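# Chains, contacts and geometry: an overview
Here is how the chains run, residue by residue.
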Amino acid sequence: MEMNFINETDPEVAELIDKELIRQQNTIELIASENIASKAVMAAAGTVLTNKYAEGKPYKRFYNGCDLVDQIETLAVERVKKLFGVEHANVQPHSGAQANMAVFFYALKHGDTVLGMDLSNGGHLTHGSPVNFSGMYFNIVSYGVNEYGEIDYNNVEKLALEHKPKMIICGASNYSKIIDFKRFKEIADKVGAYLMADIAHIAGLVAGGVHPSPVGYADFITTTTHKSLRGPRGGVIMCSKEHAAGIDKAVFPGIQGGPLEHIIAAKAIAFKEALKPEFKEYAAQIVKNAKALAQSLMDENIDIVGNGTENHVMTIDLRKTGKTGKDVANLLERVGITANKNTVPNDPQSPFITSGVRIGTPAVTTRGFKEDDMIEVGKIIASAITVCDNEVALENLKARAKKLCDKYPLY
Ligand SMILES: *Cc1c(COP(=O)(O)O)cnc(C)c1O
């Protein structure tokens, strides 16, 4: 990190970045959508590539001087195609939301019907939330999860047959079960709908072979690159050759201008890292750590939605404790654990308060945490929930969390 340059120009910002590094070093990061990018990924994001305009596709740009960024973007595209085994990829979406917007822009017309997972049941804003473009410009029908936190596929099928959506979206921001892409494809085929798989959260698990892949089932696969995939902040769209030209046009000139070639270089590096055999071990460890954490919490008499997890994420169900998700997420921050409040199925509280806390293991797994460490994390969380009014006890828990952080330096 070129902190010296920043400090010379702007000590105010430099100091805040420094403090953020220390914050990250000294907290146990359980926000399921976050991770810790490698130094190489971060370095690429801070290069001269940020100076370059490159509207268009590699070797078909609207600006001159693109020969080198063409080569960089081509590397990113070829690597991500290899990583997921797809025919076509567009690495230009600035984020996961932009990737999804581009698919909507290509596959749908204003007002078309879309069947997606409800936000409060684990879906994403871009899957049809009324405050998002997806919910404002399309006719949204939503499916949710049952009390065990599982998608009821028969209900998805029933809704599809009834509403005849043009597109069905699977993939979630908070879903702790394996997604049955084949079943979704069968339902989509019954009603002639496109299937979009948004693997933003599980991309690293899919790449690492510990979650089934939607390739071969979904017409469009979108992802972020910064969650379990451990790259820079950004998005990717993957599809078959049939949709390639249309998807590319939807990204540019449809919804974006110039691509972020510095971020695309960082994506290329992240894909190279994810193609290494070590990444398979990393992905497997994410899941092992999540299972160990879920078990530790349940052993401490804390409820988990669906009684465990099959991937990297789970939701603590606080209903029997009388505490809210908001309070517990704030409490955890005081002891040095970062997580976010989240609704549980049939949550009696509002989305601003909630009765749950979502926790996940991609970031701590990158740091090197193993199952034993996750058991300790589970004990710290469970104790924090019980001793929440006792300052001395909370200080003691904070020291235990700090000890784990010291054991595994961030960089
Ligand atoms: C995080 C996420 C996104 C959006 O990604 P951003 O980069 O934040 O725009 C889209 N879909 C799902 C399922 C996600 O979890």
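Nothing here was measured: the structure is a model prediction, and the numbers come from that model. Note that residues are indexed from 1 along each chain, following the sequence as it is written. Side-chain atom pairs in this predicted model are given and counted only at pLDDT of 80 or more, local residue features only at pLDDT of at least 70, and totals for whole chains, interfaces and linings cover all residues. Hydrogens and waters are ignored; side-chain quantities use all the structure's heavy atoms.

### Description of the domain arrangement of the protein
In plain terms, the rule: Just so you know, the domain bounds were taken from an automatic or database domain assignment. In what follows, a contact means two residues having at least one pair of non-hydrogen atoms within 4.5 Å. When two parts are put together, the accessible area they lose, computed with a 1.4 Å probe and summed over both, is reported as buried area. Pairs of N or O atoms within 3.5 Å make up the polar contacts considered here, provided that, within protein, one atom can donate a hydrogen while the other can accept it, and that residues adjacent in sequence are counted only when both atoms are side-chain atoms. Residues are sorted three ways: Asp, Glu, Lys and Arg are charged, Ala, Val, Leu, Ile, Met, Phe, Trp, Tyr, Cys and Pro are nonpolar, and all the rest, Gly among them, are polar.
Segmentation of the protein into domains returns domain 1 (42-274) and domain 2 (281-407). If you average the C-alpha positions of domain 1 and of domain 2, the two centres end up 29 Å apart. The interface of domain 1 with domain 2 comprises 20 residues on the first partner and 21 residues on the second. Interface area, domain 1 with domain 2, both sides summed: about 1,700 Å², of which 54% is carbon and sulfur. Among the residues domain 1 hides against domain 2, the three largest losses belong to Asn174, Ser176 and Arg230. Together they make up 32% of the total. There are 10 residue pairs in polar contact (both at pLDDT 80 or more) connecting domain 1 and domain 2. Along the lines of polarity and charge, the residues of the side of domain 1 that touches domain 2 split into 7 nonpolar, 10 polar and 3 charged.

### Focus: the sheet that holds strand 14 (residues 340-342)
To be explicit about the condition: A pair of strands is labelled paired if DSSP reports no fewer than 2 bridges between them. Secondary structure elements follow DSSP: runs of H or I no shorter than four residues count as helices, runs of E no shorter than two count as strands, and numbering proceeds from the N terminus. Only the stretch in contact is used when fitting a helix axis, every axis being a line fitted to C-alpha atoms; angles between N-to-C directions are given from 0 to 180 degrees.
The strand order 11-12-15-14 describes an open sheet built from 4 strands, whose pairing is antiparallel. Two strands lie at the open edges of the sheet, namely strand 11 (303-304) and strand 14, each paired on one side alone. The pairing of strand 14 with strand 15 (residues 356-360) spans 3 bridges and is classified as antiparallel. Residue pairing in the sheet places Lys341 in a bridge with Val357 of strand 15. Packing against the sheet, helix 12 (residues 277-299) makes contact with strand 11, strand 12 (313-317) and strand 15, and its axis sits at approximately 10° to strand 12. Docked against the sheet, helix 13 (residues 325-334) engages strand 14 and strand 15, running at close to 45° with respect to strand 15.

### A closer look at the pairing of strand 9 (residues 220-224)
Counted only if it meets this: Relative accessible area decides the class of each residue, using a 1.4 Å probe on protein chains only: under 20% of the type maximum gives buried, over 50% gives exposed, and in between gives partly exposed.
With 5 of 5 residues buried, strand 9 is to be regarded as a mostly interior element. Note that strand 8 (residues 194-198) and strand 9 share 3 bridges and pair parallel. Across the sheet, Asp198 pairs through a bridge with Thr222, a residue of strand 9. The sheet contact formed by strand 9 and strand 10 (residues 235-239) spans 5 bridges and is antiparallel. Bridged to Thr224 within strand 10 is Gly235.

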